[in-house]
Amino acid sequence: MSAITDHAHRIRTGAVSAVHTVQQTLEAFRQRDAAYHTATRLLDERALKAAADIDARIARGEPVGPLAGVPFGVKDLFDLAGLVTTAGSVVLKDQPPARQDAEVVRRLCAAGAIPVATLNMDEFAYGFATENAHYGTTKNPHDTACLAGGSSGGSAAAVAAGLLPLTLGSDTNGSIRVPASLCGVWGLRPTQGVLPLDGVYPFAASLDVVGPFTRTSADLACAFEALSGENSSIVQDVSGLKIGRLDGWFAQDLDPELVAGVNRLLAACADVRSVTLPDVARARAASFVITAAEGGALHSGRLRTQPMAYDPATRDRLIAGALLPSLPVIQAQRLRAWFRDVLHETFRDVDILVAPATPGVAPRLDQPTITLGGRQVSARANLGLFTQPLSLAGMPVVAAPLAPAPGKPVGLPLGVQLIAAPGREATLLAFAQTMEKAGLLGFPSASADASKQA
């Protein structure tokens, strides 16, 4: 049983009430979130009303769903009925409130889960840092002097800090996978199209995907089952899986501890082979071009009428995208189709690919850069070095935290991507659970009073 389903079981059996759970969650945000800045709004009235309804239904002996009373949060680009969807910006603050919940929010609520907060993000999901000029910077719960990553940084950090057991984020070029890696939590970018985007503010519609963050792989499977209706919680036999280690582009500029962690993980697998993908740099460039063009086109009207309302870093990138000529965009889409075919072909020989999620640990807030080719480059633009190319193929990816090295002090988290062919989420999640039980994946929760907290 996952921690999430165990939590729901305790509520259904009366060991704890849903109202008490929500009250504790809201109080935890008020007492502790100032250190991390994960939330943009707390949903007290809605959450307490939903919790009271669950308690009343339990008292009457009525069914309440597999996630009864489990609190969750949503990245601030998911519609919540009655609230303006801001997408991390003030540009949309005067828009009408949403008439209904986003479909994935509705599905979690139908399973009994309770939304308690909207969570911080890079403005319009354009960045890998969750440095937001309007709502502040989300800090890494493992060391508040460091970035949480983005653009779903509030979603990852809320789970890492123990404020919530489940959150929702979005991933266009790595916005689930990057913060999951830096915050030491689990994230899932499902196969493109498996989860609906109804009621989710778009970034680059042809690449956008939504998915959950959790503390454990079992919880991730439980969340995906509630969101998709697919049974992913039964662990399969993964002993015969063929594992491919992505090298070349994916083996450059890596933290030595990350390399060692991947080596430990793969040493536990019976059939491992190296896989080299061609033209990954061009695939990443194509991802940049497609994202910029689609994002720029979406915002072109508002950029003309209220440019100064945007975060300057977001505005400049959106303007550049809006000005792109059509030829490079067409070329990028052609390369995307070719690269997708290349990746699909790879899965004729392997079941799962393993690649780093980020080159190393979270960069510091006062030096938000990473080393790339011997140069210091912007973390906000480049933390997706290893996630962006893979986004082009629309395949499912689990972002998994590597377990700390045995016998060494626990440092900052490091993460990997586990990639499979379209529709193979169950295989990925089974492999993840097996490796977590073996002590090779999974990272300790951040402590509220950790010595590194600033």
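My aim in this report is to walk through the structure given alongside it, one point at a time. (Residues numbered from 1 in each chain as written. Predicted model: local features only at pLDDT ≥ 70, side-chain atom pairs only at ≥ 80, totals over all residues. Heavy atoms only, no water.)

**Quick look at the overall build of the chain**
A tally of regular secondary structure across the chain gives 14 helices and 17 strands. Expected size for 454 residues packed as a compact globule is a radius of gyration near 22 Å; at 21 Å, the chain falls within 12% of this value. Along the first, second and third principal axes, the C-alpha set of the chain runs to 60 × 60 × 40 Å. A total of 454 residues make up the chain; the buried ones form 56% of that total. Entry remark: accessible area of the chain is about 16700 Å², with carbon and sulfur atoms responsible for 54%. Charged side chains of the chain number 39 positive and 41 negative; the gap between the two group centres comes to 2 Å. (Helix = DSSP H or I, 4+ residues; strand = E, 2+ residues; numbered from the N terminus. Rg over C-alpha atoms; globule rule 2.2 N^0.38 Å. Buried < 20%, exposed > 50% of the residue type's maximum accessible area, 1.4 Å probe, protein only. Areas by Shrake-Rupley, 256 points an atom, 1.4 Å probe, with all protein chains shown as cover. Lys, Arg positive; Asp, Glu negative; His and termini not counted. Charge placed at Lys NZ, Arg CZ, Asp CG, Glu CD.)

**Some remarks on the nonpolar core**
Counting 69 residues, the largest nonpolar core has Phe-78 and Leu-418 as the members making the most contacts within it. For this core, the element with the most residues is helix 7 (residues 217-228), which contributes seven residues. Core analysis: the next-biggest nonpolar cluster, separate from the first, contains 40 residues, Ala-283, Leu-343, Leu-383 and Met-395 among them. (Core = buried A, V, L, I, M, F, W, Y, C linked by side-chain atoms within 4.5 Å.)

**Topic: the pairing of strand 7 (residues 143-147)**
Of all five residues in strand 7, five are buried; the element is thus mostly enclosed. One ladder, built from two bridges, connects strand 6 (residues 139-140) with strand 7; its direction is antiparallel. Across the sheet, the residue bridging to Asn-140 is Asp-143, located in strand 7. Taking the residues that link successive antiparallel strands as the turn, the strand 6-strand 7 hairpin has two residues. (Pairing = 2+ DSSP bridges.)

**Quick notes on the packing of aromatic side chains**
Counted under the stated rule, the structure contains five aromatic pairs. Summarising the aromatic geometry, the rings of Phe-124 and Tyr-310 are spaced 5.6 Å apart at their centres and angled 40° between planes, so their arrangement reads as tilted. Of the two residues, Phe-124 is situated in the loop between strand 3 (114-119) and strand 4 (131-132) and Tyr-310 in the loop between helix 9 (280-305) and helix 10 (312-322); the sequence distance between them amounts to 186 residues. Tyr-310 carries the same exposure label as Phe-124, and that label is buried. Ring centres of Phe-250 and Phe-386 lie 5.9 Å apart, and the angle between their planes is 40°; this geometry places the pair in the tilted category. Here Phe-250, found in the loop between strand 11 (242-246) and helix 8 (256-267), pairs with Phe-386, found in the loop between helix 12 (379-382) and helix 13 (388-391); they are 136 residues apart in sequence, far enough to count as distant. Residue Phe-250 is classed as buried on the basis of its relative accessible area, which comes to 1%. Note on Phe-386: relative accessible area 0%, which makes it buried. (Phe/Tyr/Trp six-rings, centres within 6.5 Å; stacked < 30°, edge-to-face > 60°.)

**Structural notes on the sheet that holds strand 10 (residues 209-214)**
Pairing in this open sheet of eleven strands is mixed, and the strands run 1-3-2-8-10-9-16-17-13-11-12 from one edge to the other. A strand with exactly one partner marks an edge of an open sheet, and here the two such strands are strand 1 (39-42) and strand 12 (271-275). Between one strand axis and the next, the sheet turns by 25° as a mean value, whatever way the strands run. Pairing geometry for strand 2 (residues 71-75) and strand 8 (residues 166-171), over two bridges, is parallel. Of the residues in strand 8, the one forming a bridge with Val-74 is Leu-168. Those strands touched by helix 7 are strand 8, strand 9 (186-189), strand 10 and strand 16 (397-401), and its axis lies near 140° from that of strand 10. (Axes fitted to C-alpha atoms, helices over the stretch in contact; angles between N-to-C directions. Contact = heavy atoms within 4.5 Å.)

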